[in-house]
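A closer look at the structure
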Amino acid sequence: MSTATLSSLLEYLYATLSPSNMRWVGEHLIEYAKKEEEEEALTPYTREELLERAEEGRRQIAMGNYCTMEELLQELDEDFAEDNKPQYEIA
């Protein structure tokens, strides 16, 4: 989600929630984020798993399943432009 969208959401919450409601929402968001971080924590790979991942990558490249650096940069530019588009227009 873009920073502009998050900022708009935050401003909306400031304007509509009481201080106690803000605290409640904040505490629940922090608690949920901690659980998500624990689930997303990196687990180490064994040497065999790393070698298999590398070999799978080589197989995918051999099958033509890859993109060039130019294609990757173009896709990143498009994603960046999409994230920075105004959410609404002021008339």
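First things first, this report covers the structure right here in the doc. (Residues numbered from 1 in each chain as written. Predicted model: local features only at pLDDT ≥ 70, side-chain atom pairs only at ≥ 80, totals over all residues. Heavy atoms only, no water.)

1. Section: the pattern of salt bridges
Enumeration over the complete set of coordinates arrives at four salt bridges. Salt-bridge contacts for K35 lead to E31; the nearest nitrogen and oxygen are separated by 3.7 Å. You can see K35 and its partner E31 sitting in helix α2 (residues 19-40), four residues apart, about one turn around the helix. On the basis of relative accessibility, which here comes to 46%, the residue E31 falls in the partly exposed class. Through salt bridges that share partners, E52, E56 and R59 make up one connected network. (Salt bridge = Lys/Arg side-chain N within 4 Å of Asp/Glu carboxyl O. Helix = DSSP H or I, 4+ residues; strand = E, 2+ residues; numbered from the N terminus. Buried < 20%, exposed > 50% of the residue type's maximum accessible area, 1.4 Å probe, protein only.)

2. Things to note about a negative patch on the surface
A contiguous patch of negative charge on the surface is contributed by E75, D77, E78, D79 and D83. Counting through the fold element by element, D77 comes out in helix α4 (residues 69-83). (Patch = residues over 30% accessible without salt bridge, like charges linked within 9 Å, V, L, I, M, F, W, Y side chains within 5 Å. Areas by Shrake-Rupley, 256 points an atom, 1.4 Å probe, with all protein chains shown as cover. Lys, Arg positive; Asp, Glu negative; His and termini not counted. Charge placed at Lys NZ, Arg CZ, Asp CG, Glu CD.)

Shape is all these values report; function is a separate question.
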